[in-house]
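So the chains spell out like this:
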Amino acid sequence: MIDVRNVTVRFGDAVAVADVSLHVRPGESFGLVGESGSGKSTILRTAVGLTSDWSGEITIDGYDAKSTPTRELAQRVQMVFQDPYASLHPRFTVGRAIAEPMRIQKMAGIEERVDELLRLIGLDASFRSRYPHELSGGQRQRVAIARALALQPKVLLLDEPTSALDVSVQAEILNLLEDLRAELDLTFLIVSHNLAVISHMCDRLMVMQDSRAVEVLTREQLRAREFSSPYTRKLLEAA
Amino acid sequence: MTEVAAAPTSMRQARAREWRSFVRRFSRKPLGVMGLVIVLALVFCAIFAPMLATHDPYAISLPERLAAPSATYWLGADELGRDIYSRIIYGSRLTLFIVVLVVVTSAPIGLLIGVIAGNYGGMIDRVFMRVTDVFLAVPKLLLALAFVAALGPGIVNAALAITLTAWPPYARLARAETLLIRNTDYVNAVRLAGASEWRIMMLHIVPMCTSSVIVRMTFDMAGIILTAAGLGFIGLGAQPPLPEWGAMISTGRKFIFDQWWVATAPGFAIFIVSLAFNLLGDALRDLLDPHLRQRR
Amino acid sequence: MSAAPLVSIENLRIAFERDAGPVEAVRGVSFEFGRERLGIVGESGSGKSLTARALMGVLPGHARLSVDRMEFDGIDLTRVSTRTRRKLRGERMGMILQDPKFSLNPVLRVGTQIVESIRIGDPRVSRRAARLKALETLEAVQIRNPERVFKQYPHEVSGGMGQRVMIAMMVVRQPALLIADEPTSALDVTVQDQVMSILDEAVGERGMGLMLISHDLRLVSRFCDRVIIMYAGRVLETLPAGKLAEAQHPYTRGLIACMPSVDGPPGRLPVLRRDPEWLTS
């Protein structure tokens, strides 16, 4: 579903991602774990065209990320950002924020779809006319998820989806994501610094350090402590 | 914040609620309210000038030349015996005309240039900003003077000349805001949905710039009034017999020691109105400026 | 706990004026503690940081405070002048905030700031002696090359290093009380433990009281003696840190249960059910 081959991303002279390859199967939930500066978020941003200076190859659902126009790629892959306080337009109501991607794609039946999406993420229809500053962090992240689902993508890229939230809210959002994945047959690529979140959510994971891939593990391997890198051990001890 | 206020049922109600909260916060700023009242009074004077004026502002009456303030001539009469009070009332129309004309032309031009430069970056940014720098490098009044000299004196030309000098700060401001906004995740999110750059700029970035532009506009109005009066003073703005405040001061200058009221009254009008715009701007900045707003 | 506690707070209330009327963010918090390590845990909006700020005397200007008793080492904080309060803050209380980026002055070298901090605490110390002491302290917080860090500007040091500098700056004055508000939340997970150990050691060696404020139950239980659980501006329960598993209150239990763990069972996480009764009972 997602194929990343020998991707290198540069920010000026600095190398943010160095020759990373990974493969995510359809319906799978794949985790990228590492600390700040490991390049894990950069991979996500590169896959959706938010970075410019990169080499290698990324295909999503058979579409080449470099050559496919964003408008088309948008119907296959969407992203949920880390900070729900910064990812919703402060002047747009919830309804408008969720409808915007569909307006861009000139879809039909937008109004009904907004109601349906709100239902899907567990907020009632009265939220349509609320502004982001009237919502809690968890509610905002739900809205951001609804917006990402508006175009019915098959792949969802989640960049630290719960790290700005309280633990009790984190549990609700993680549950919601699990339910959505099952219900809508989604493929997840999740980035987190929290190994516990990744172990809970992902079938397989890749550990990253200093812009390189350290190793790829299945959830079972992680739980059986069958890893080779001392760095993975360090992360595990800190979790 | 887990508890949420009673749910609004429509977009209109949501907007109305935001507006009411804004009005409530504004009403807690006495100086801002004072500024607003004076500005509204200016608008009122301009609209109802014929009813408020006691004399025809153009009626010459040489026997009353330079009359001191009295029951008939509230603020005295000028060198042609015209009632100064009535002229100031009518002059508010000219002041307001220039201010509005300048603001509605310069702010959108500057906003557009700044947003485009900030959003695209690279060559476009460099060209646009260097042009802006050139305009900023020349003193405002001097530049306006040069334009009026080229276009010919007159009130519309004066307004146009001021416009040409007034847009660059808006471009600077809008560019700085755009640089911050274009990389936020809420803009990235619509970019990922396949939005065109034009849509991103007009629908997502411009609304975020408007509050700082409005604040800047309010402050600018004070400056515009002064520049317009300055042009009028040196005879390049409104032409006689128009009761433009700057031009009135200019004629009053000759009698400043003996008949002080001729120059003082319009000077006072200019002072009050530009002070009012500054007070209003201060209050609006406190309420609207995104950087100050976070600290509340 | 010793007979005279280092800090005692009784019925602390903090309210903010809002359009709809005053909103109480801290609603009757009471606790005391001595030269120990006290953890205060709660989610956002629980009032934990405000409680600490009230103790330091650095509440935001529009906050309204009322308290029956607030004492620090026998000093009645409700009666002292602003000047004494400032002096107390400089000499006997210290605070470490979440992000060192915002607590260090960006235009002064790290060393200059520590030296300044020493000399504010005790103006009789000479510049030379202060410098030596600063280097010593930097070494004590396990900075390998103190000479180099001494000359660096805050933006040149990493987050973990910056937080160590903050700790050095605070402990160098030997305050009786150190308040750390989310000291490691902005740091990478592998650095968090190091920084906490350094803080722990610095506090332990000097016999200070440590108040650790965090949303992270695990971190707090690892480094503290006692834990206070706060919710919606109130203290729900106080526990010995080792006995978190035996927590009585459903909120604490729910908070522990809803955290995912590396070896936890797959499937849905238990969700915390907030009982409106917690707000009043």
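Residues numbered from 1 in each chain as written. Chains lettered and ligands numbered in written order. Predicted model: local features only at pLDDT ≥ 70, side-chain atom pairs only at ≥ 80, totals over all residues. Heavy atoms only, no water.

**Some details on the overall build of chain A**
Working step 1: In terms of regular secondary structure, chain A is built from nine helices and ten strands.
Working step 2: Relative to the 2.2 N^0.38 estimate, which gives 18 Å for 239 residues, the radius of gyration of chain A is 18 Å and therefore close to what a compact globule would have.
Working step 3: Seen along its three principal axes, the alpha-carbon backbone of chain A occupies a region of about 50 × 40 × 30 Å.
Working step 4: Burial status across chain A gives 61% buried among its 239 residues. (Helix = DSSP H or I, 4+ residues; strand = E, 2+ residues; numbered from the N terminus. Rg over C-alpha atoms; globule rule 2.2 N^0.38 Å. Buried < 20%, exposed > 50% of the residue type's maximum accessible area, 1.4 Å probe, protein only.)

**Regarding the sheet that holds strand S8 (residues 187–192) of chain A**
All names here are of chain A.
Working step 1: The strand order S6-S7-S8-S3-S9-S10 describes an open sheet built from six strands, whose pairing is mixed. Every other strand in the sheet has two partners, leaving strand S6 (77–80) and strand S10 (212–218) as the edge strands with one partner each. Taken pair by pair, the neighbouring strands of this sheet meet at an average axis angle of 15°, ignoring direction.
Working step 2: Inspection of the sheet shows strand S3 (residues 29–33) paired to strand S9 (residues 204–209) by four bridges, in the parallel sense. Each bridged residue has a counterpart across the sheet, and for Phe-30 the counterpart in S9 is Arg-204. (Pairing = 2+ DSSP bridges. Axes fitted to C-alpha atoms, helices over the stretch in contact; angles between N-to-C directions.)

**What about the interface of chain A and chain B?**
How big an interface is tends to be stated in terms of the accessible area lost upon association of its parts.
Working step 1: Contacts between the two partners involve 32 residues from chain A, matched on the other side by 30 residues from chain B.
Working step 2: Summing both sides of the interface, chain A and chain B together bury roughly 2,700 Å²; the carbon and sulfur share of this comes to 57%.
Working step 3: At the surface where chain A touches chain B, the tally comes to three salt bridges.
Working step 4: Residue Arg-199 of chain B pairs with Glu-100 of chain A through a salt bridge whose shortest N-O separation is 2.8 Å. (Contact = heavy atoms within 4.5 Å. Buried area = accessible area lost by both parts, 1.4 Å probe. Salt bridge = Lys/Arg side-chain N within 4 Å of Asp/Glu carboxyl O.)

**Observations regarding a nonpolar patch on the surface**
Residue and element names in this part refer to chain B.
Working step 1: A surface patch of nonpolar side chains, about 430 Å² in accessible area, is lined by Phe-44, Ile-47, Phe-48 and Met-51.
Working step 2: Tracing the sequence through the fold places Ile-47 in helix H2 (residues 30–47).
Working step 3: Assessed through its relative accessible area of 52%, Ile-47 is described here as exposed. (Patch = residues over 30% accessible without salt bridge, like charges linked within 9 Å, V, L, I, M, F, W, Y side chains within 5 Å. Areas by Shrake-Rupley, 256 points an atom, 1.4 Å probe, with all protein chains shown as cover.)

**Topic: the interface of chain A and chain C**
Working step 1: In this assembly, 25 residues from chain A lie in contact with 24 residues from chain C.
Working step 2: Regarding the contact of chain A and chain C, the summed buried area is about 2,300 Å², with carbon and sulfur atoms giving 53% of it.
Working step 3: Across the chain A-chain C interface, the total number found is two salt bridges.
Working step 4: Its salt-bridge partner being Asp-179 of chain A, residue Arg-268 of chain C comes within 2.4 Å of it at the nearest N-O pair.
Working step 5: If you look at where chain A meets chain C, you find 13 residue pairs in polar contact (both at pLDDT 80 or more).
Working step 6: No other element matches the eight residues that helix H6 (residues 167–184) of chain A contributes to the side of chain A that touches chain C.
Working step 7: In terms of residue class, the side of chain A that touches chain C is made up of eleven nonpolar, seven polar and seven charged. (Polar contact = N/O pair within 3.5 Å; in protein donor to acceptor, adjacent residues only side chain to side chain. Nonpolar A, V, L, I, M, F, W, Y, C, P; charged D, E, K, R; others polar.)

**Some details on the pairing of strand S1 (residues 2–11) of chain A**
Residue and element names in this part refer to chain A.
Working step 1: Note that S1 and strand S2 (residues 14–24) share seven bridges and pair antiparallel. In the sheet register, Ile-2 faces S2, and the bridge partner there is Val-24.
Working step 2: Between S1 and S2, which pair antiparallel and follow one another directly, the connecting turn spans two residues, one of which, Gly-12, has a positive phi of 65°.
Working step 3: Where S1 lies against strand S4 (residues 54–60), six bridges are found, and the strand directions are antiparallel. Within the sheet, the bridge partner assigned to Arg-5 lies in S4 and is Glu-57.

**Concerning the pattern of salt bridges**
Working step 1: A complete count under the given rule lists 42 salt bridges over all chains for this structure.
Working step 2: The residue Arg-69 of chain C makes a salt bridge to Glu-10 of chain C at a minimum N-O spacing of 3.2 Å. One end of the pair, Arg-69 of chain C, is in strand S5 (residues 69–72); the other, Glu-10 of chain C, is in strand S1 (residues 7–18), with 59 residues separating them in the sequence.
Working step 3: By sharing partners, the salt bridges in this structure join Asp-78, Glu-79, Arg-82 and Arg-87 of chain B into a single network.

**Looking at the confidence of the model for chain B**
Working step 1: Counting all residues, the mean pLDDT for chain B is 88, and 95% of those residues have values of 70 or more.
Working step 2: Scored below 50 in pLDDT, residues 1–8 of chain B shows 13 contacts in the model against residues more than four places distant or in partner chains. (pLDDT = per-residue confidence, 0-100.)

**A short note on the packing of helix H6 (residues 140–151) of chain B against helix H7 (residues 155–181) of chain B**
Residue and element names in this part refer to chain B.
Working step 1: At a minimum axis distance of 8 Å, the contact between H6 and H7 shows a crossing angle of 140°. With respect to each other, H6 and H7 are oriented oblique. For the pair H6 and H7, the crossing hand works out as right-handed. When H6 is examined against H7, the residues Lys-140, Leu-143, Ala-144, Phe-147, Val-148 and Leu-151 are found in contact with a partner set consisting of Asn-157, Ala-158, Ala-161, Leu-164, Thr-165 and Ala-166. (Parallel < 35°, antiparallel > 145°, perpendicular 65-115°, else oblique. Left-handed = near helix turned anticlockwise from the far one by under 90°.)

**Notes on H6 of chain B**
Residues and elements named next belong to chain B.
Working step 1: In this model H6 runs 16 Å from its N-terminal to its C-terminal C-alpha over twelve residues, within 8% of the 16 Å that 1.5 Å per residue would give.
Working step 2: Where the residues of H6 are buried, they touch helix H5 (122–137), H7 and helix H9 (197–233).
Working step 3: Of the residues one or two after H6, Gly-152 is the one with positive phi, at around 95°. (Expected span 1.5 Å × (residues − 1).)

**Describing the sheet that holds strand S11 (residues 234–240) of chain C**
Residues and elements named next belong to chain C.
Working step 1: Taking strand neighbours across the sheet as the criterion, the six strands line up as S7-S8-S9-S3-S10-S11 in an open arrangement whose pairing is mixed. If you trace the sheet from one side to the other, it starts and ends with strand S7 (93–96) and S11, each paired once. On average, each strand axis in the sheet is tilted by 20° relative to the strand beside it, whichever way the strands run.
Working step 2: Sitting on the sheet, helix H10 (residues 250–257) is in contact with strand S10 (226–231) and S11, with an inclination near 100° to S10.

**Some words on H5 of chain B**
All names here are of chain B.
Working step 1: In this model, H5 (16 residues) spans 22 Å end to end at C-alpha, consistent with the 22 Å of a helix rising 1.5 Å per residue.
Working step 2: Every buried residue of H5 is listed here: Asp-125, Met-129 and Thr-132. Looking straight down H5, one finds its buried side chains confined to an arc of 55°; they lie on one side. Facing away from the buried side of H5, by more than 90 degrees, are the exposed residues Met-123, Val-134 and Ala-137.
Working step 3: On the buried face of H5, the contacting elements are helix H4 (84–120) and H7. (Arc of directions from axis to C-beta.)

**Some thoughts on the packing of aromatic side chains**
Working step 1: All told, the structure shown has eleven aromatic pairs over all chains when counted by the stated rule.
Working step 2: Centre to centre, the rings of Tyr-231 of chain C and Trp-278 of chain C are 5.4 Å apart; their planes meet at 80°, and the pair counts as edge-to-face. With Tyr-231 of chain C in strand S10 and Trp-278 of chain C in the segment after H10, the pair connects residues that are 47 residues apart, well separated along the chain. The exposure classification of Tyr-231 of chain C matches that of Trp-278 of chain C, with both residues buried.
Working step 3: Taking the centre distance of 5.5 Å and the plane angle of 70° together, the rings of Tyr-251 of chain C and Trp-278 of chain C count as edge-to-face. One end of the pair, Tyr-251 of chain C, is in helix H10; the other, Trp-278 of chain C, is in the segment after H10, with 27 residues separating them in the sequence.
Working step 4: Residue classification places Tyr-251 of chain C among the buried positions, given a relative accessible area of 0%.
Working step 5: Ring pairing ties together the aromatic residues Trp-19, Phe-22 and Phe-26 of chain B, which thus form one cluster.
Working step 6: Positioned over the ring face of Phe-92 of chain A is Arg-96 of chain A, at 3.8 Å from the centre of the ring.
Working step 7: A cation over a ring is seen here: Arg-181 of chain A above Phe-188 of chain A, with NZ or CZ 5.9 Å from the ring centre. (Phe/Tyr/Trp six-rings, centres within 6.5 Å; stacked < 30°, edge-to-face > 60°. Lys NZ or Arg CZ within 6 Å of the ring centre and 35° of its normal.)

**Some words on the domain arrangement of chain A**
All names here are of chain A.
Working step 1: By domain assignment, chain A separates into domain 1 (2–76 + 154–238) and domain 2 (90–152).
Working step 2: Computed from C-alpha coordinates alone, the two centres of domain 1 and domain 2 are separated by 25 Å.
Working step 3: Counting from both sides, the interface comprises 16 residues of domain 1 and, opposite them, 14 residues of domain 2.
Working step 4: The contact between domain 1 and domain 2 buries some 1,300 Å² in all, and 64% of this surface belongs to carbon and sulfur atoms.
Working step 5: Per-residue buried area on domain 1 facing domain 2 is highest for Arg-71, Gln-75 and Leu-176; these three make up 35% of the total on that side.
Working step 6: Summed over the shared surface of domain 1 and domain 2, the result is one salt bridge.
Working step 7: Across the pair Glu-172 and Arg-142 runs a salt bridge whose closest N-O atoms are separated by 3.8 Å.
Working step 8: Here domain 1 and domain 2 share four residue pairs in polar contact (both at pLDDT 80 or more) between them.
Working step 9: Here the element with the most residues in the side of domain 1 that touches domain 2 is H6; it accounts for eight residues.
Working step 10: Here the side of domain 1 that touches domain 2 is built from residues that sort into eleven nonpolar, one polar and four charged. (Domains from an automatic or database assignment.)

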